[in-house]
Amino acid sequence: MDELKQQQPILLKKGAEASLYVSNWHGRKALVKIRMPKKYRPESLDKQIRSYRTIHEGQLLHQAKGAGVATPLIFMIDVPEATIIMEYIEGVQVKQQLNMVQKEGRREICLNLGGLIGKLHKENLIHGDLTTSNMIIDNQGKIFLLDFGLGEKNVALEAKGVDLHLLKRALQSTHFSFWETCFKDVLTGYRLVAGGELTEKVYEKISEIEKRGRYIEERRQ
Amino acid sequence: MGNAQKTLPIADKGYCLGVESTADDFGVGIVKFDGEILTNSVDSYIPVEGGIHPREAARHHAEVADSVLCEALTEAKLKPKDITCIAFSMGPGLGPCLRTGATVARALATYLQIPLVGVNHSIAHIEIGKLKTGAVDPVTLYASGGNTMVTAFESKRYRVFGETLDIALGNCLDVFARHAGLKNKRGLPLGAAVEQLALKGKNFISLPYVVKGMDLSLSGLLTAAMAQLQKGSYSLEDVCYSLQEHAFSMVAEITERALAHTEKREILLTGGVAANKRLQSMLEAIAQEHEAVFNVVPQRFATDNGAMIAWAGALAYMQGIVTPVEESYVKLRWRVDRVDVPWMN
């Protein structure tokens, strides 16, 4: 206990969803993710959202491993405090890595990533917030998926379509100069794992979802 | 701002007259190129019942166009020949309404033999917001009857970081209000009626809360709120309160996400729903939390208006951007992230 007390948690990042601290868990470097209360929304809604997402994140981090996707090891979950203590993954965000490497490097990352999403979707696991800042690549090139707080287990094609559509949107807004190639490579990687049939169906669903949006040029009544 | 851009020498003095007609408002505004707003006249179509009927709205616009135009010029103490360029909202919006405004603008430009500038309506909202509040590079939440999006400037354009996957926030509140039998009155829009009722709500009812990544979906919430009303176990005030709390928490959450993601230091709230005090207070709390500055656009510049079109037109014109009349067709689904904004560089 003394050791823990000495090790004051260090604030790593204050995100919109949660605050991340680096700490120590029985001698191991740990990441403490706390979903802080949001004063702007009603208390009951706030509590409901924070505990729901904490539980789901824990479950999905675990289930993703079963699907063959690397995620941090969970050390402890404290639902009332909306806190998860997990393994600290050494590496850089895929968001940064994509900007640091050349075309070939990007292709490899995106193919890899598509494969991981394919593995999740084959088990009907939906990440729910696929952005390139929610993925970490370690020094061996292994990609870890994080932040499953908006995820769910869902058999509907719709959920898979939205999942990939969100990644596409994230690529468009964050990696606007090469997003198209990236997304194409993601789909190729996805197809290799999930198979042609599912990929085609999901791809069709993505266009359908996009047409539902407002002010989309491709939409025709 | 059109597909084919003609480049003119850069100008810094003059007046731009802007015509706005994307939906129910027909507006004409005149701005000086240094940002002084000389006038902002508007006449709104109010449906007898139901929502905006595009054809009826367009008919209204055609009927009031000349009087709004005259009012604007008189108030600005300008003669038509003093105007340097004509701007109009080229999209996105309702086809018949857009075409009416575009026709007025083309006629003026042709008659006065001055350049025409097609303006993206969403960009105009952001630019007038920055002009009126002094925000420089904000994360903007633009929430109205037809739009709900969170944008921020990144590399040449306003990028969309989050948006609705189905209906707009204002649309959600309006449809609910009509379902509850509230009537649209001059001076009291339906959204304001919901806001007033929500203040008296006491019970918080749990409704669907749908945030998907940085995007949100409001149609399920609307259906659930209408079903609650039908069921009758809670008062209208309670349902209004719960609907607002859920919907605003969702847009606030995606705004916060965009703010954290882009690491910008300002929030700008605009669009018709910007008038809502509860939404303002939520965003203000977020701004405080992230040590950012919260800005809300004054109401007459937050709802659709001609001055914003004139200002965005002036900004484009000063960069040498004009739209040839033969290429000035309206674009009903012209996304904000399809347009370069060279004046931001």
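Residues numbered from 1 in each chain as written. Chains lettered and ligands numbered in written order. Predicted model: local features only at pLDDT ≥ 70, side-chain atom pairs only at ≥ 80, totals over all residues. Heavy atoms only, no water.

Novice: Help me understand the environment of Lys231(B), please; the structure alone is not making it clear to me.
Specialist: Position of Lys231(B) among the secondary structure elements: in helix 6 (residues 219–231). Considering only alpha carbons, one finds Lys231(B) and Val64(B), 167 residues apart in sequence, at a separation of 43 Å. (Helix = DSSP H or I, 4+ residues; strand = E, 2+ residues; numbered from the N terminus.)

Novice: Any chance you could explain the confidence of the model for chain B here in plain terms?
Specialist: Keep in mind that low pLDDT regions are not for reading the predicted coordinates in detail. Residues and elements named next belong to chain B. The pLDDT averaged across chain B works out to 93; a share of 97% of its residues lies at or above 70. Scored below 50 in pLDDT, residues 1–6 makes 23 contacts in the model with residues more than four places away or belonging to other chains. For this predicted complex, the interface confidence comes out at an ipTM of 0.83, alongside a pTM of 0.87. (pLDDT = per-residue confidence, 0-100. Contact = heavy atoms within 4.5 Å.)

Novice: Can you walk me through the environment of Asp46(A) in this structure?
Specialist: Residue and element names in this part refer to chain A. Tracing the backbone through its elements, the reader meets Asp 46 in helix 2 (residues 43–66). Here the alpha-carbon distance between Asp 46 and Met 36, two residues 10 residues apart in the chain, equals 9.5 Å. Excluding residues that lie within four positions of it along the chain, Asp 46 makes contacts with Pro 37, Lys 38 and Arg 41. A polar contact is formed between the side chain of Asp 46 and the backbone nitrogen of Lys 38, at a distance of 3.1 Å. (Polar contact = N/O pair within 3.5 Å; in protein donor to acceptor, adjacent residues only side chain to side chain.)

Novice: What's the story with the state of the cysteines in this structure? I'm lost.
Specialist: What is meant by a disulfide is a covalent connection between two cysteines, made through their sulfur atoms. Residue and element names in this part refer to chain B. All chains considered together, the criterion is met by zero disulfides over all chains. Counting only cysteine sulfurs, Cys 85 is the nearest neighbor of Cys 16, a cysteine outside any disulfide, at a range of 3.6 Å. Just so you know, Cys 172 is unpaired, no disulfide at all, and the nearest cysteine sulfur is the one on Cys 240, 11 Å from it. Its relative accessible area of 0% is what places Cys 172 among the buried residues. (Disulfide = S-S within 2.5 Å. Buried < 20%, exposed > 50% of the residue type's maximum accessible area, 1.4 Å probe, protein only.)

Novice: Quick question: what am I supposed to make of the pairing of strand 1 (residues 10–14) of chain A here?
Specialist: Side-chain direction in a regular strand flips from residue to residue, so the side chains alternate between the two faces of the sheet. Residue and element names in this part refer to chain A. Across four bridges, strand 1 lies against strand 2 (residues 19–25) in antiparallel orientation. Of the residues in strand 2, the one forming a bridge with Lys 13 is Leu 20. Remark: four residues form the turn of the hairpin made by strand 1 and strand 2, two consecutive strands paired antiparallel. (Pairing = 2+ DSSP bridges.)

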